[in-house]
Amino acid sequence: MKAERSAGEDGRIVSPAAFEAAFRLHYAPVYRFIAGRVGPALAEDLAAETFATAYRRRASFDPAQGSLRAWLFGIAVNLVRGHWRAEQHQLQLDARLVPETELPDDADAADRRVAAAWLAPRLAVALGQVTRDQREVLLLHAWAGLSHAEIAAALQIAPGTAWSRLSRARAALRESLGDFDFDLWVFSGPGTGQAREEPRP
Amino acid sequence: MTDEIELLRIVSELIPEPTTEAWARATAAIAAAKEADLAHQDTERYTADRLVPTGLSRRTARRRGGAPRRTMAVASAALAAAAVAAAAVALPGTSHHSGVPGPGQSSGPPAVDTAYLVHRVDGALSAAEPAEIARMTVTTSTVLGTSTAEEWSYGKRWRVMFSRAGKPVFDVGVGSSSVLTMVFYSSQTWLRKRGQVSPAAPKQHGCERVTTALSMLFFPGMPGADASPATVVSLLRTAISCGTLTVAGHQRVDGIDAIKLTSSRRSPVAETIWVDPATYLPVRLVVCHTASAPVYQRTANISWLHPTARNKAELTVPIPAGFRQVRFGTAVIQGSR
């Protein structure tokens, strides 16, 4: 597995070279995961703190307990939890602003990018309607690409709990998306043009 | 057929990669952690040596090994800090209230106080015609380049023509019978979908959200949020009375002695709005989104037009000859694989 090749031969990251390799491989995905949740400005701080924390705790990382990226995302998730208001604020912004995006030369990729920009505000509204725990597992799965087992390791919960939480979160998001047509990629039906109230903390 | 997880993954493609500054900041944080770690190790060794003053040769060897490592860590931290500074210098100007015209061109102190302005806006609000057509030319500038969009909005109907480097990229609009039409020039395809289709619209216009709610009216693809004159004037009134927009003098914009309004420094979206003193409708808007990477600035020049047959015709998205009709999501997903 590519992620594990960043670690030392024993899978640990105690040596400077192993930690450096882990940083180079995992920094960008961790940054983007955080930036998607709290915005790029705060993400710089939190992603930096994630790896500073990882360095301080590097001796405690045990490959037998889970993958390196699950461990790193676990640290990131804990840091993001302390910025709940920033995440809410980011969701409110995302729900109201069509994001600026660079269009690739490839026609299909460009269409896909336009579609993403088009859908982003509605998806932000839907994400704002699921619970914090549900949002956490959804984004660890979709954005960080963690498996059920890795989510369990990152959140330090039982694998079965991770599986059921993700399952419920997916159902909740689908419910929040309402009448979204997954085939046509559009919202249809009456009353879909308005953002719904976000749940109170 | 896609699902909600794939939807999340597709939208996550919009999240920017870390900037050079972000990499440098993380490198500096790790270097600082390394330095603290080494300093802690030194302290532990020193304490251990004081408590157990044996093994002099081993202790000396450790100290000889420790000092250079610590020096290297400090040097690494300094280099990383320098990289952060260099990256910050390399980034383009990010002044919070950059606008057009420039800040130095303002023509003096506020001539209208807030209470009076709110009173005048109330007058304009009651007089606002409900069915004017808004035509906006929106220019977006980032470190990556400049793009333009021409937007038309008339009640629930709207159209956005987006172009880059003078070439059309896409044309999208919702017509009178709530039919969405999208034309993609890159792939020479188009689609049509019946039913109410609109991006997320602002629901609350309270003080907390009014600034972003106002700015979003002028973003490409967002006129579906109803940029009617009454809505816009109402948002302006709320923003002024809440203090999220304050009067910053007068400036001439397209021959009009416009009132200049600027947003609070605490706002994540820095706005400068020039309004026509006769109608209190905005004639120019500059949005600088400082929290994003790369930083971008949007300038919207706005004309308010009468709903003549010719102007209403501009709200219709034409399908260019030879373009192929597609089912939107399916085509995009399949094309990406």
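Residues numbered from 1 in each chain as written. Chains lettered and ligands numbered in written order. Predicted model: local features only at pLDDT ≥ 70, side-chain atom pairs only at ≥ 80, totals over all residues. Heavy atoms only, no water.

**Concerning the overall build of chain B**
Here is step 1: Per the secondary structure count, chain B includes eight helices and twelve strands.
Here is step 2: In chain B, the proportion of contacts linking residues at least 24 apart, taken out of those at least 6 apart, comes to 53%.
Here is step 3: Of the roughly 15,600 Å² of accessible surface on chain B, a fraction of 56% belongs to carbon and sulfur atoms. (Helix = DSSP H or I, 4+ residues; strand = E, 2+ residues; numbered from the N terminus. Contact = heavy atoms within 4.5 Å. Areas by Shrake-Rupley, 256 points an atom, 1.4 Å probe, with all protein chains shown as cover.)

**Topic: the overall build of chain A**
Here is step 1: For chain A, the helix and strand inventory stands at nine helices and two strands.
Here is step 2: Going from N to C terminus, chain A has its helices and strands arranged as α-α-α-α-α-α-α-α-α-β-β.
Here is step 3: Each of the 201 residues in chain A was classed as buried or not, and the buried ones make up 59%.
Here is step 4: Considering only contacts within chain A whose residues lie at least 6 apart along the sequence, 62% involve residues at least 24 apart.
Here is step 5: A total accessible area of about 8,300 Å² is found for chain A, and carbon and sulfur atoms account for 51% of it. (Buried < 20%, exposed > 50% of the residue type's maximum accessible area, 1.4 Å probe, protein only.)

**Looking at the nonpolar core**
Here is step 1: By size, the foremost hydrophobic cluster in this structure holds 107 residues, and its most contacted members are A:Phe33, A:Ile34, A:Leu138, A:Leu140, B:Leu8 and B:Leu261.
Here is step 2: Those residues within four positions of A:Ile34 in sequence are excluded, and the remaining contacts are A:Gly39, A:Ala43, A:Leu46, A:Ala47, A:Thr50, A:Ala76 and A:Val80.
Here is step 3: Among the nonpolar cores identified, the runner-up in size contains five residues, and B:Ala258, B:Trp274, B:Val283 and B:Val286 belong to it. (Core = buried A, V, L, I, M, F, W, Y, C linked by side-chain atoms within 4.5 Å.)

**Re the side chain of A:Arg135**
All names here are of chain A.
Here is step 1: With respect to the helices, strands and loops of the structure, Arg-135 is situated in helix H7 (residues 132–142).
Here is step 2: For Arg-135, a relative accessible area of 2% corresponds to the buried category.
Here is step 3: Every residue in contact with Arg-135, bar those within four places of it in the chain, is listed here: Trp-84, Glu-87, Gln-88, Leu-91, Leu-127, Gly-128 and Val-130.

**Focus on the packing of aromatic side chains**
All names here are of chain A.
Here is step 1: By the definition in use, this model includes ten aromatic pairs over all chains.
Here is step 2: Geometrically, the ring pair formed by Tyr-27 and Tyr-31 is tilted, given 6.1 Å between the ring centres and 35° between the ring planes. Of this pair, Tyr-27 and Tyr-31 both sit in helix H2 (residues 16–38), four residues apart, roughly one helical turn.
Here is step 3: For Tyr-27, a relative accessible area of 0% translates into the label buried. (Phe/Tyr/Trp six-rings, centres within 6.5 Å; stacked < 30°, edge-to-face > 60°.)

**What to know about H2(A)**
Here is step 1: If you look at H2(A), its biggest bend is around 45°, right at A:His26, and the proline A:Pro29 turns up within four residues after that.
Here is step 2: Just downstream of H2(A), A:Gly39 is the residue with a positive phi angle, here 95°. (Bend = angle between axes of the 7 residues up to and from the residue.)

**Regarding the packing of H7(A) against helix H9 (residues 159–177) of chain A**
Packed helix pairs are specified by the crossing angle of their axes together with the interaxial distance, meaning the distance between the axes.
Residue and element names in this part refer to chain A.
Here is step 1: Put simply, H7 and H9 touch, their axes get as near as 9 Å, and they point 100° apart. Looking at the two axes, H7 sits roughly perpendicular to H9. Counting all contacts with H7, which are made through Asp-133, Gln-134, Val-137, Leu-138 and His-141, the residues of H9 involved are Arg-165, Leu-166, Arg-168, Ala-169, Arg-170, Ala-172 and Leu-173. (Axes fitted to C-alpha atoms, helices over the stretch in contact; angles between N-to-C directions. Parallel < 35°, antiparallel > 145°, perpendicular 65-115°, else oblique.)

**Brief notes about the environment of A:Arg168**
Residues and elements named next belong to chain A.
Here is step 1: Looking at the element boundaries, Arg-168 is found in helix H9.
Here is step 2: Given the relative accessible area of 52%, Arg-168 is considered exposed.
Here is step 3: Measuring from C-alpha to C-alpha, the distance between Arg-168 and Gln-134 comes to 7.5 Å, with 34 residues separating the pair along the chain.

**Structural notes on the pairing of strand E7 (residues 245–253) of chain B**
Residue and element names in this part refer to chain B.
Here is step 1: Bridge analysis of E7 against strand E8 (residues 256–263) gives seven bridges, and the strand direction is antiparallel. Bridging across to E8, Val-247 finds its partner in Leu-261.
Here is step 2: Hairpin connection, E7 to E8: the antiparallel pair is bridged by two residues, and Asp-254 has positive phi, about 50°. (Pairing = 2+ DSSP bridges.)

**Description of H7(A)**
Here is step 1: In terms of burial, H7(A) is largely enclosed, as nine of its eleven residues are buried.
Here is step 2: Inspection of H7(A) places A:Gln134, A:Arg135, A:Glu136, A:Val137, A:Leu138, A:Leu139, A:Leu140, A:His141 and A:Ala142 among the buried residues, and these make up the whole buried set.

**Examining the environment of A:Ser67**
Residue and element names in this part refer to chain A.
Here is step 1: Among the structural elements, Ser-67 can be located in the loop between helix H3 (40–56) and helix H4 (68–81).
Here is step 2: Ser-67 sits in the buried class, given a relative accessible area of 11%.
Here is step 3: Residues Ser-67 and Leu-146, spaced 79 residues apart in sequence, show a C-alpha to C-alpha distance of 9.7 Å.
Here is step 4: A distance of 2.9 Å separates polar atoms of two side chains, one belonging to Ser-67 and the other to Glu-150. (Polar contact = N/O pair within 3.5 Å; in protein donor to acceptor, adjacent residues only side chain to side chain.)

**Topic: the pattern of salt bridges**
Here is step 1: Taken as a whole and judged by the stated rule, the model has 14 salt bridges over all chains.
Here is step 2: For the salt bridge of A:Arg170 with B:Asp3, the shortest nitrogen-to-oxygen distance reads 3.0 Å. Taken as a pair, A:Arg170 in helix H9 and B:Asp3 in the segment before helix H1 (4–12) lie in two separate chains rather than in one.
Here is step 3: Residue class for A:Arg170 comes out partly exposed when judged on its relative accessible area of 25%.
Here is step 4: With its nearest N and O atoms 3.9 Å apart, the salt bridge here joins B:Arg284 to B:Asp254. Pair noted here: B:Arg284 is in strand E10 (residues 282–289) and B:Asp254 is in the loop between E7 and E8, with a separation of 30 residues, a long-range link.
Here is step 5: Accessibility expressed as a relative area gives 63% for B:Asp254, which makes it exposed.
Here is step 6: Each of A:Arg170, A:Arg174, B:Asp3 and B:Glu4 takes part in salt bridges that share partners, so that together they form one network. (Salt bridge = Lys/Arg side-chain N within 4 Å of Asp/Glu carboxyl O.)

**Here we look at unusual backbone geometry**
With glycine set apart, most residues show a phi of negative sign, and most peptide bonds adopt trans.
Here is step 1: The phi angle at A:Gln156 is positive, at roughly 55°, despite the residue not being glycine.
Here is step 2: For A:Gln156, the location among the structural elements is in the loop between helix H8 (148–155) and H9.
Here is step 3: Under the relative-accessibility criterion, A:Gln156 is labelled exposed at 73%.
Here is step 4: In this structure, B:Asp254 takes a positive phi of about 50° despite not being glycine.

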